[in-house]
Amino acid sequence: MTISEYMTYEAPPGLRDELLEGELILSPSANARHADLCHRLLLLLEQRIRPGYVVRQDTTMLLNEEEEKGNRPRPDVFVIDERRWNEAREGNSYPTGSPQLAVEVLSPSTERVDRESKTPKYLAAGSLAVWLVDGDLKRVTVVTHEGSREVAESEKLYSPAELCFEHIAVSRIFSKKLR
């Protein structure tokens, strides 16, 4: 599928779409646990992010306008500089480039794509880090240009240097309380 075809495509009801290497990826809409994890991550990041950045969720990213095959992933939650977000909003478009931090909540239908396809694309396009959140194992895999590491429920997540936010206890991500 070309980028122009994708930009006019509408997924069937109940499905979420992304374009990766010119291939249309459809996945089921988030279930309640997935949605709660995304919401909790959004709230936790919003409480800690420094001025000049915004936290958003489930929006198509235009990773690279010059790509022939096209990559239009939709991170579950992400942090992006406010300037690029405002440009997209004012242009009634999607943000261009990779978010500074992309967060993917893993699910059986998308885990392989999130780990093997989307994560390297985010990093190659400029992300500082990608967090892969595993609700079953209650851990977060932090992937950066330097490598990856597992962060257990009893540990803390730290922001990429540029974002400079206070740590987030992984246990808060998996807490039953939404606030």
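All residue numbers refer to positions counted from 1 along the written sequence of the respective chain. Only residues with pLDDT of at least 70 are given local features in this predicted model, and only at 80 or more are side-chain atom pairs given and counted; all residues enter the totals for whole chains, interfaces and linings. Side-chain calculation: all heavy atoms of the structure are included, whereas hydrogens and water are not.

Asker: So what exactly am I meant to see when it comes to the sheet that holds strand E7 (residues 129-134) here?
Answerer: The strand order across the open sheet built from six strands is E3-E5-E6-E7-E8-E9, with neighbouring strands paired in mixed fashion. Edge positions in the sheet fall to strand E3 (53-57) and strand E9 (147-152), since each has one partner strand and no second. Across the sheet, the mean angle separating the axes of adjacent strands is 20° when strand polarity is ignored. Where E3 lies against strand E5 (residues 77-81), five bridges are found, and the strand directions are antiparallel. Across the sheet, residue Val54 finds its bridge partner in E5, namely Ile80. Those strands touched by helix H2 (residues 32-48) are E3, E5, strand E6 (101-105) and E7, and its axis lies near 175° from that of E3. We call two residues contacting when some pair of their heavy atoms lies within 4.5 Å. Angles run from 0 to 180 degrees between N-to-C directions of axes, and those axes are lines fitted to C-alpha atoms, restricted for helices to the stretch in contact. In this description a helix means any DSSP run of H or I spanning at least four residues, a strand means any run of E spanning at least two, and both kinds are numbered starting from the N terminus. Contacts from helix H4 (residues 111-124) reach E6, E7 and strand E8 (139-144), with the element oriented near 155° to E7. A pair of strands is labelled paired if DSSP reports no fewer than 2 bridges between them.

Asker: Quick question: what am I supposed to make of H2 here?
Answerer: In an α-helix there are 3.6 residues to a turn, and that puts residues three or four apart on one side. A helix's residues, less one, multiplied by 1.5 Å, set its expected span. End to end, H2 covers 24 Å across 17 residues, agreeing with the expected 24 Å (1.5 Å per residue, within 8%). Turning to H2, its buried residues are His34, Leu37, Cys38, Arg40, Leu41, Leu42, Leu43, Leu44, Leu45 and Arg48. Where H2 is buried, its residues touch E3, E5, E6, E7, strand E11 (168-169) and helix H5 (170-173). Partly exposed residues are those whose accessible area sits between 20% and 50% of the maximum for their type, while under 20% is buried and over 50% is exposed, using a 1.4 Å probe and protein chains only.

Asker: I tried to follow the sheet that holds strand E2 (residues 23-28) on my own but got confused; where do I start?
Answerer: The strands making up a sheet associate through backbone hydrogen bonding, with each pair oriented either parallel or antiparallel. On the basis of which strands lie adjacent, the open sheet formed by three strands has the order E2-E1-E4 and antiparallel pairing. Each edge of the sheet is formed by a strand with only one pairing partner; in this case those strands are E2 and strand E4 (71-72). With two bridges joining them, strand E1 (residues 15-20) and E4 adopt antiparallel strand pairing. Within E4, the residue paired with Leu19 across the bridge is Arg72. Sheet strands touched by H4: E1 and E4. Its angle to E1, the strand with the most contacts, is close to 50°.

Asker: How should the packing of aromatic side chains be read in this particular structure?
Answerer: The geometry of an aromatic ring pair is captured by two quantities: the separation of the ring centres and the angle between the planes. Two rings belonging to Phe, Tyr or Trp (six-membered ring only in the last case) form a pair when the distance between their centres is within 6.5 Å. Interplanar angles under 30 degrees mark stacking, angles over 60 mark edge-to-face geometry, and anything in between is tilted. Scanning the model with the defined rule gives one aromatic pair in all. On the basis of an interplanar angle of 50° and a centroid distance of 6.0 Å, the ring pair of Phe78 and Trp85 is categorised as tilted. What makes Phe78 buried here is its relative accessible area of 0%.

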